[in-house]
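# Chain and residue survey
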Amino acid sequence: MTRQVVLIGAGHAHMEALRQSKRFANAGLTLTLIDPGAFWYSGAATGVLSGALDPAAARLNPADMAGPFLHVRQRVASVNSVTRTVRLEDGLELSYDVLSLNTGSHIAHTPLLEAGAIPAKPVSALAALRATVETAGGRLRLAVAGAGATGLEIALSLASLQRRLGAHPQMVLAGPDLLPGWPDKARDLARDAMARCGVEYVPRRVQDLSMGLIHFGERRVAPVDILVAATGLSANLPDGFDASGDGLPVNEDLSWTGDGSVFAVGDCARMVDHPRPRLGVFGVRAAPILIQNLINAAGGRTTRRRYTPQSRWLSILDVGDGTGLARYGDLAFQGKPALTLKRWLDGRFLQRFREEH
Ligand SMILES: Cc1cc2nc3c(=O)[nH]c(=O)nc-3n(C[C@H](O)[C@H](O)[C@H](O)COP(=O)(O)OP(=O)(O)OC[C@H]3O[C@@H](n4cnc5c(N)ncnc54)[C@H](O)[C@@H]3O)c2cc1C
């Protein structure tokens, strides 16, 4: 029987593994992806939300990709690393020799979600949100809780969507820290962009959502029709792993610290020697190392490549007015070239997979 490499989750690195599935077949391995849906590219998410991009531009269906791999369209409920089996949500069990998780993350539990806020992830939820705003002709009072890069970009994109629909932007972005971890210049540029684009910034935590009001404490409230929660992420992990929302701890070779036949990458993993923020770019960069290590591990070879994530990386936010806000280390810049570069980088990434069809 051929050795089984099972991939859970169609995340960034696993999409690359599927693209290179012939390498697994050439090594005599059977490659199986288990994922319930499509791959949504987060880099294009806010372009979809603002109406600048078609939802199809951000979505790839793994089943459309050519190559020798199997695709099980289901969610994995649990993993048993002792018996080396995964249990699907319908109860079916599959065996593996080597397992890899690229299952992403979700908005960590907050009472705002129970009160009806829309989570900023999964990215597919943002495509549905755009449809809701379009149906209302943009005439909705919108708010985003959480003023990190994700919350800011969503707020600017929704304001852009309202303008695109001919409505006056009614958008509040709330959070005590604007762009935490970003340079001061980026924060100044973000404040200018919000003022220009009709986003009101409230530097307070949203404490509650009830009766159509968001509550900031000290009796301060604002009326709202839709609240988006961008309040922090937690790892998606099937049952069977004793790990926190920080993610499955992995070594430099991306293997789980608890079992060398299990690998994890992207938002669901925590690189114990090189902690990094949750960004798709790290999954993309880790992919070649992951692929080689999965092939080596499944083939019984002990050699492993090591992944050292870069300490500085380029982030570009889509401001929704035809410009991008770029940050690289301590440098920040805003302008049309930044958005042009973002669209080019995103398009190049997605095109790689479309060419394989
Ligand atoms: C609005 C927004 C904009 C962003 N913009 C950027 C950006 O411009 N650049 C950037 O680098 N990062 C960006 N990010 C961050 C980015 O979303 C994440 O870092 C990235 O999506 C993580 O990718 P991943 O490969 O870990 O997993 P994902 O791409 O999230 O994929 C996870 C997959 O696993 C599947 N899955 C989950 N659980 C299971 C299970 N139990 N069984 C089977 N399958 C499962 C899911 O269905 C999904 O297909 C953005 C995030 C948001 C919310």
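These notes cover the structure that comes with them.

Analysis parameters
- Residues numbered from 1 in each chain as written.
- Predicted model: local features only at pLDDT ≥ 70, side-chain atom pairs only at ≥ 80, totals over all residues.
- Heavy atoms only, no water.
- Helix = DSSP H or I, 4+ residues; strand = E, 2+ residues; numbered from the N terminus.
- Rg over C-alpha atoms; globule rule 2.2 N^0.38 Å.
- Buried < 20%, exposed > 50% of the residue type's maximum accessible area, 1.4 Å probe, protein only.
- Contact = heavy atoms within 4.5 Å.
- Core = buried A, V, L, I, M, F, W, Y, C linked by side-chain atoms within 4.5 Å.
- Domains from an automatic or database assignment.
- Axes fitted to C-alpha atoms, helices over the stretch in contact; angles between N-to-C directions.
- Left-handed = near helix turned anticlockwise from the far one by under 90°.
- Near = heavy atom within 4 Å.
- Polar contact = N/O pair within 3.5 Å; in protein donor to acceptor, adjacent residues only side chain to side chain.
- Areas by Shrake-Rupley, 256 points an atom, 1.4 Å probe, with all protein chains shown as cover.

A tally of regular secondary structure across the chain gives nine helices and 26 strands. Taken against the 2.2 N^0.38 rule, which gives 21 Å for 357 residues, the C-alpha radius of gyration of the chain at 21 Å falls within 12% of a compact globule. On the principal axes, the C-alpha backbone points of the chain span a range of 65 × 40 × 40 Å. Expressed as a percentage of the 357 residues in the chain, the buried residues total 53%. The long-range fraction of contacts in the chain, counting pairs at least 24 apart against all pairs at least 6 apart in sequence, stands at 65%.

Turning our eyes to something else, we now look at unusual backbone geometry. Residue Pro 122 follows Lys 121 across a cis peptide bond; omega there is 5 degrees. If you trace the backbone, Pro 122 turns up in the loop between strand E11 (118-119) and helix H5 (123-135). The phi dihedral of Met 211 falls on the positive side, at around 50 degrees, and the residue is not glycine. Along the polypeptide, Met 211 turns up in the loop between strand E15 (208-210) and strand E16 (213-217). Using a relative accessible area of 80% as the deciding quantity, one classes Met 211 as exposed. For Leu 254, which is not glycine, the phi dihedral falls at a positive 75 degrees. Take Leu 254: it is sitting in the loop between strand E20 (248-250) and strand E21 (255-256).

Formed by 114 residues in total, the largest nonpolar core has its most connected members in Leu 158 and Leu 173. For this core, the element with the most residues is helix H8 (residues 280-298), which contributes 10 residues. Each of domain 1 (3-37 + 73-106 + 233-298) and domain 2 (109-231) accounts for three or more of the residues forming this core. Setting aside chain neighbours within four positions, we find Leu 173 in contact with Val 144, Gly 146, Ala 147, Gly 151, Leu 152, Ala 155, Leu 178, Met 194, Val 199, Glu 200, Tyr 201 and Val 202.

This brings us to the packing of helix H1 (residues 12-19) against helix H9 (residues 336-354). Put simply, H1 and H9 touch, their axes get as near as 10 Å, and they point 40 degrees apart. In the packing of H1 onto H9, the handedness of the crossing is left-handed. Contact residues: His 12, Met 15, Glu 16 and Arg 19 in H1; Phe 349, Arg 352 and Phe 353 in H9.

Around the ligand sit 32 residues in total, of which His 12, Asp 35, Val 76, Asp 267 and Gly 280 are the nearest. Within the contact set of the ligand, an oxygen atom lies 3.2 Å away from a side-chain nitrogen or oxygen of Ser 42. Here an oxygen atom of the ligand sits 3.2 Å away from a polar atom, N or O, in the side chain of Lys 121. Protein contacts shield 87% of the accessible area of the ligand, which totals 1,000 Å² for the unbound molecule. Where the shell around the ligand is concerned, the elements lending two or more residues are helix H6 (149-164) and H8.

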